[in-house]
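# Structural characterization, general
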Amino acid sequence: MKPEEKRLIRRLSSMEEEMVRFLRDIIAVPALSPESGGEGEEKKVEKILQLIDGWGFDSVERYDAPDERVPSGRRPNVLLRVRGRVGNLPPWWVFVHTDVVPPGDLSLWESDPWKLRREGEKLYGRGTEDNGQELVASLFGLRALLEEGMRPARDVNIFLVADEETGSEKGLKYLLKEHKGLFGADDLYIVPDSGEPDGSLVEVAEKSILWVRVTTHGKQVHASTPGKGLNAHLAGMKYSVEVREELKRRFAAEDPLYDEPLSTFEPTKKEANVDNVNTIPGMDVLYFDCRVLPQYRVGEVLAVFREVADAVGRKTGARIEVEPVQMQQAAPPTPPDSPVVGLIREAAEAVYGVRVRPGGIGGGTCAAILRDAGLPAAVWSRIDETAHMPNEYSLLPNLVGDAKVYSLLFLR
Ligand SMILES: [Zn+2]
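Reading the values: rules and limits
Residues numbered from 1 in each chain as written. Predicted model: local features only at pLDDT ≥ 70, side-chain atom pairs only at ≥ 80, totals over all residues. Heavy atoms only, no water. Donors = N, O, S within 2.8 Å, 3.2 Å for Na, K, Ca; no water. Tetrahedral: all angles 85-135°; square planar, octahedral: opposite > 155°, others 65-115°. Helix = DSSP H or I, 4+ residues; strand = E, 2+ residues; numbered from the N terminus. Domains from an automatic or database assignment. Contact = heavy atoms within 4.5 Å. Buried area = accessible area lost by both parts, 1.4 Å probe. Salt bridge = Lys/Arg side-chain N within 4 Å of Asp/Glu carboxyl O. Pairing = 2+ DSSP bridges. Axes fitted to C-alpha atoms, helices over the stretch in contact; angles between N-to-C directions.

## Some words on the coordination of the zinc ion
Taken together, the protein ligands of the zinc ion are His97 (NE2), Asp130 (OD), Asp193 (OD) and Asp193 (OD), with distances of 1.9 to 2.4 Å. Viewed at the metal, the 4 donor atoms of the zinc ion are separated by angles of 55 to 147 degrees, and the geometry they form is irregular. Here the donor residues for the zinc ion map to a single chain with the spacing H-x32-D-x62-D. Here Asp193 lies in the loop between β9 (188-190) and β10 (201-206) and His97 lies in strand β5 (residues 92-97), a separation of 96 residues in the sequence.

Laid out in structure tokens, this is it:
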């Protein structure tokens with residue numbers, strides 16, 4: 001490590017208590033969306049702006065989305081900028097969200113979700129991990145640089161965005177719709193909102209998601225006389241097995257980027273049919289969860305579901321209906337060899353001493369919104385994945401360690 005990197009690491013180690021206090025102060029302000037019965041993020045953002053006052057950021061810009069459902073009338077999207085020392089390098093964009101999900105059943109919490117509780121290395125509270133840890137870590141990573149009298153190599157833009165937990169319409173999607181001009185196709189985008197407990201995964205791709213409900217209609221009769229009816233359960237099972245084989249055959253591509261390298265087509269939920277053992281069910285409902293590699297269209301997958309439904313229907317005499325319950329086409333992946341991935345790998349490996357690899361996941365982060373807009377985003381953080389759970393926590397070594405990763409990232 002270079003001397004100036006060592007200085008940054010030392011400074012951040014000395015800021016540990018301050019980072020805990022910062023996290024404590026911001027999680028004390030609930031930022032719930034109106035969909036969750038809350039007032040939005042305004043008060044929390046005011047608190048953050050008050051806390052970072054005097055840190056030496058070059059500008060604070062607001063790109064608030066109007067929303068008459070909240071008392072302030074706006075959902076805050078606040079851009080904190082520090083200019084870099086080298087001109088014409090593509091800038092960093094870090095998207096951290098200020099909103100949180102409701103605590104859920106309070107009896108499952110061991111302490112007040114809005115009061116940070118420290119036990120050993122664990123910092124408990126709603127929003128400590130999701131997304132408080134990365135919000136605090138990125139801000140302190142930048143602050144450490146400025147306090148050491150250094151400048152980031154490239155412009156650093158930390159965007160505090162609203163509404164991530166309920167669809168991003170007033171957050172990231174709003175920004176891409178109304179302020180697309182801010183973002184360049186070659187800029188470096190990091191969305192630190194998912195990750196592995198050892199920090200070893202930079203997520204660059206996700207699979208498409210397709211959920212399907214399969215309803216099989218037969219004829220209900222007494223179980224002693226199956227010949228007089230049509231067993232919908234049996235036809236449904238036959239269909240499940242056949243459609244899964246056919247899907248695996250048709251969508252067989254493999255991509256080692258993903259932990260699970262193949263597309264997956266799994267029968268999951270099964271609705272209850274008849275109440276007693278001696279009745280042949282006349283109707284049967286089951287569901288499939290499919291995670292499909294992005295090179296396939298989910299519409300094609302659905303078409304195969306329907307094709308096999310017709311074929312099995314003809315063979316068995318049952319009528320098989322197929323309906324999509326969720327359909328989400330994945331955006332094209334961020335290339336695993338893109339600069340954003342390389343820079344994150346270097347910095348995370350330097351701080352944590354683990355081998356960091358780019359990879360894909362089953363689906364569902366808001367980096368997909370950026371990728372959909374043609375902006376190559378990477379998802380990284382070091383977390384225990386306690387988001388949305390009761391007794392959510394952030395590990396202190398991750399809070400401080402991730403701040404160190406940001407400081408190294410911003411320096412390069
Ligand atoms: Zn989150």
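## With respect to the domain arrangement of the protein
The domain architecture assigned to the protein consists of domain 1 (3-205 + 331-411) and domain 2 (208-328). Counting from both sides, the interface comprises 13 residues of domain 1 and, opposite them, 6 residues of domain 2. Buried surface at the junction of domain 1 and domain 2, summed over both partners, amounts to about 640 Å²; 58% is from carbon and sulfur atoms. It is Arg357, Gly360 and Gly362 in domain 1 that bury the most area against domain 2; as a group they hold 43% of the surface buried on that side. Joining domain 1 to domain 2, the criterion identifies 1 salt bridge.

## Things to note about the sheet that holds strand β7 (residues 122-124)
If you trace the 3 strands from one edge of the open sheet to the other, you get β6-β7-β19, paired in antiparallel fashion. A strand with exactly one partner marks an edge of an open sheet, and here the two such strands are β6 (117-119) and β19 (393-395). The average undirected angle you get between the axes of adjacent strands in this sheet is 25 degrees. Bridging between β6 and β7 involves 3 bridges; their strand directions are antiparallel. Looking at the pairing, Arg118 lines up with Leu123 of β7. With respect to the sheet, helix α10 (residues 396-411) is in contact with β6, β7 and β19, its orientation differing from that of β19 by roughly 60 degrees.

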